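Listed below are the residues making up each chain.
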Amino acid sequence: MAAVQLVCGGTELSPQGHVREADVIVAGAGPTGLMLAHELALAGVRPTVLETLAEPTGQSRALNLHPRTAEILEMRGLLARLQAHPIQLGFLTRSFFAGIPVALDNEPFGSRFPQQIGVLQSRVEAMLEERLGTVHGITVERGRELIGFEQDEHGVTATVRGPEGRETLLRGRYLVGCDGSRSRVRRVLGLPFDGTDGGPQTRVAADVVLVRPPEKWFDGQAPQGVGEVDGRDVRMLPDVGLTGMITLSEGGRQTHFSLVGLENGVYRLMFSDPEQVGGRAIRRDAPITEREIQEVLHAVGGPAAELKELLWASRFGDACRQVDRYRVERVLLAGDAAHIVFPIGGQGMNLGLQDAFNLGWKLAAAVNGWAPDGLLDTYHRERHPVAAAILGSARAQSTLLSREQDMSALRDLLTALVELPETNRYLAGLTSGLTIRYGAPEEAGGTDGAEGADGNGHPLVGRLMPDLDLTVGGEPVRFGELMHTGRGVLLELREADGPSRLAPAVHGRADRLGHVVADPAAGQDVHVRAALIRPDGHVCWASQHDTGPDDAALRAALTRWFG
């Protein structure tokens, strides 16, 4: 196996005189790395999580959970902790495509979470890190930076620089780069990060504290809609904040803005860089000053709109990039290390959490020694197309929002198309993640969408198992609650007194697979009698007829996914 670059000049051994060891090295303690560490720990694997920053920043680039992300967090019993600290996004919990004024309708998919949930990224990170410590006894190693590594057929040896500059070696069975868009892991691997830099437009996001709240800026005008004020098109969104188009004093430049309340008196201000209109482009790394922020606030609310404190600010473009493979032998990439997306619709954190949820149980299976051949490779095969589709959607939306050319005719046409149920359903499923179906038909061993077929041809195969209301052992339970342990489930649906037929199928797999006999509640659209569900909630075998443990398709699915 070819070695990858090792940076180890001046490297020392650990104080005990040997290389420290870990099951899995996770580089990066953002949402992706922490979610991955949680999934690994749930499966009995001990990750070592390295984070360059000495302390959490408290910054929150992301503000939302899409419906599919809410579903997977609920399957681990994690969502309620986040819902206790909501951000009120109002109608912005609905999804839109390129700002076209037709909401995307997720109701037909039957999810318990048909809309986005407002939550700060910092809350997600804090919840996951706290749970790692209190439940699994794992502490994030902060102030420790992975600076290089080499891998062989048995594992990966990483060079880690500590807070005082001393370098030590860390040995793991696998390494996962969850270290963001400027990923050191990706660069050491030498993987190209292909995609587009986007156009010259840049945008600014800033978290600010104001001297007085926005509803006090406009001399008692109705909070439901400020409208045209001194040439400004400013709209007050109930329980959300302000949005509109403003003209800055210098040169009469126009810019679109939004101002949304977060928590503890903090507001998120976003605006497009006005210099892009008929002028020069601003570099992404150009500093954002308090004067720049104050100028935008004054243009929105006049003298009453005063900045008290600028907490954090970032200038970003509409670049979309993705590596062509998520795995290089014993090193894998997830989250922004594998893909970056123009942040329209808030997809970045959601893609990363979903990556981690897909990868965690597969990587744990490899470490624990029961992974079937090819299981770890399904991570790339399943997640790469999902991110590619989101990147394609983001590029399209960026073009539709371009100020470089008139898009009004195209937007009018798309508005009519998005009003059509078929178009709306397609875009809603893509944006929310609710139509994700893992596995091509030829991989699944059946025909995609073969209505009424048994085994791998069942229409549920590849999709997330519906969160059915069940009765198990005389007690009401939702299917999602059966997934809290992180194991797979062989589910039999039958009347309360009906006999179990499939219990023998799980023999020898009790550490990774549970068997549950349940009675579905009346009134649900249930077209399945038995289903095999992976630890990430996706169905890998289903039958709508009674069958036994010797069912050939069931045995094939058990071998393929559970060893």
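If you're wondering where the values come from, they're calculated on a predicted model, not measured in any experiment.

Asker: Would you mind showing me how to read the packing of aromatic side chains here?
Answerer: The description of two aromatic rings rests on the distance between their centres and on the angle between their planes. Scanning the entire structure with this criterion turns up four aromatic pairs. Seen from their ring centres, tyrosine 326 and tyrosine 379 are 5.5 Å apart, and the 50 degrees between their planes marks the pair as tilted. With tyrosine 326 in the loop between strand S17 (320-322) and strand S18 (327-328) and tyrosine 379 in helix H8 (residues 378-400), this residue pair connects regions lying 53 residues apart in the sequence. Each of the two residues, tyrosine 326 as well as tyrosine 379, counts as buried. Taken together, a centroid distance of 6.4 Å and an interplanar angle of 45 degrees make the contact between tryptophan 361 and tryptophan 561 tilted.

Asker: Would you explain the confidence of the model for the protein in this entry?
Answerer: Low-pLDDT portions of the prediction should not be read for the details of their coordinates. Residues at a pLDDT of 70 or more form 87% of the protein, whose mean pLDDT is 88. Scored below 50 in pLDDT, residues 1-13 shows 40 contacts in the model against residues more than four places distant or in partner chains. Confidence drops under pLDDT 50 across residues 440-455; counting only partners more than four residues distant or on other chains, this segment forms 28 contacts.

Asker: Would you mind showing me how to read the sheet that holds strand S26 (residues 539-543) here?
Answerer: An order of S22-S21-S24-S23-S25-S26 is seen for the six strands of this open sheet, with the pairing classed as mixed. Across the chains shown, the open sheet's two edge strands, defined by having one partner strand only, are strand S22 (475-478) and S26. This sheet shows a mean twist of 30 degrees between the axes of neighbouring strands, independent of strand direction. In this sheet, S26 lies alongside strand S25 (residues 530-533) in antiparallel orientation, the contact comprising four bridges. Within the sheet, the bridge partner assigned to alanine 531 lies in S26 and is alanine 542. Against the sheet, helix H12 (residues 552-562) engages strand S23 (488-493), strand S24 (513-520), S25 and S26, with an angle of about 170 degrees to S26.

Asker: Any chance you could explain the pattern of salt bridges here in plain terms?
Answerer: When the charged atoms of two side chains with opposite charge come close together, those side chains can pair. Tallying each qualifying case throughout the model produces 27 salt bridges. The salt bridge partner of glutamate 39 is arginine 76, with a shortest N-O separation of 2.9 Å. One end of the pair, glutamate 39, is in helix H1 (residues 31-42); the other, arginine 76, is in the loop between helix H2 (67-75) and helix H3 (79-83), and 37 residues separate them in sequence. Arginine 478 serves as the salt-bridge partner of glutamate 74, at 2.7 Å between the closest nitrogen and oxygen. Here glutamate 74 is found in helix H2, whereas its partner arginine 478 is found in strand S22, with 404 residues between them in sequence.

Asker: Whenever I open this one, the nonpolar core confuses me. Can you help?
Answerer: The nonpolar side chains of a soluble globular protein tend to be buried, and buried together. In terms of nonpolar packing, the biggest core is built from 91 residues, with Phe149, Met465 and Leu491 touching the most fellow members. Ranked by residue count, the leading element in this core is helix H7 (residues 348-368), at nine residues.

Asker: Would you explain the sheet that holds strand S9 (residues 194-196) in this entry?
Answerer: The three strands are arranged S9-S17-S20 in an open sheet whose pairing can be described as antiparallel. The open sheet has two edge strands, S9 and strand S20 (339-340), and neither has a second partner. Bridge analysis of S17 against S20 gives two bridges, and the strand direction is antiparallel. When the sheet's bridge partners are listed, arginine 321 is paired in S20 with isoleucine 340.

Reading the values: rules and limits
Residues numbered from 1 in each chain as written. Predicted model: local features only at pLDDT ≥ 70, side-chain atom pairs only at ≥ 80, totals over all residues. Heavy atoms only, no water. Phe/Tyr/Trp six-rings, centres within 6.5 Å; stacked < 30°, edge-to-face > 60°. Helix = DSSP H or I, 4+ residues; strand = E, 2+ residues; numbered from the N terminus. Buried < 20%, exposed > 50% of the residue type's maximum accessible area, 1.4 Å probe, protein only. pLDDT = per-residue confidence, 0-100. Contact = heavy atoms within 4.5 Å. Pairing = 2+ DSSP bridges. Axes fitted to C-alpha atoms, helices over the stretch in contact; angles between N-to-C directions. Salt bridge = Lys/Arg side-chain N within 4 Å of Asp/Glu carboxyl O. Core = buried A, V, L, I, M, F, W, Y, C linked by side-chain atoms within 4.5 Å.

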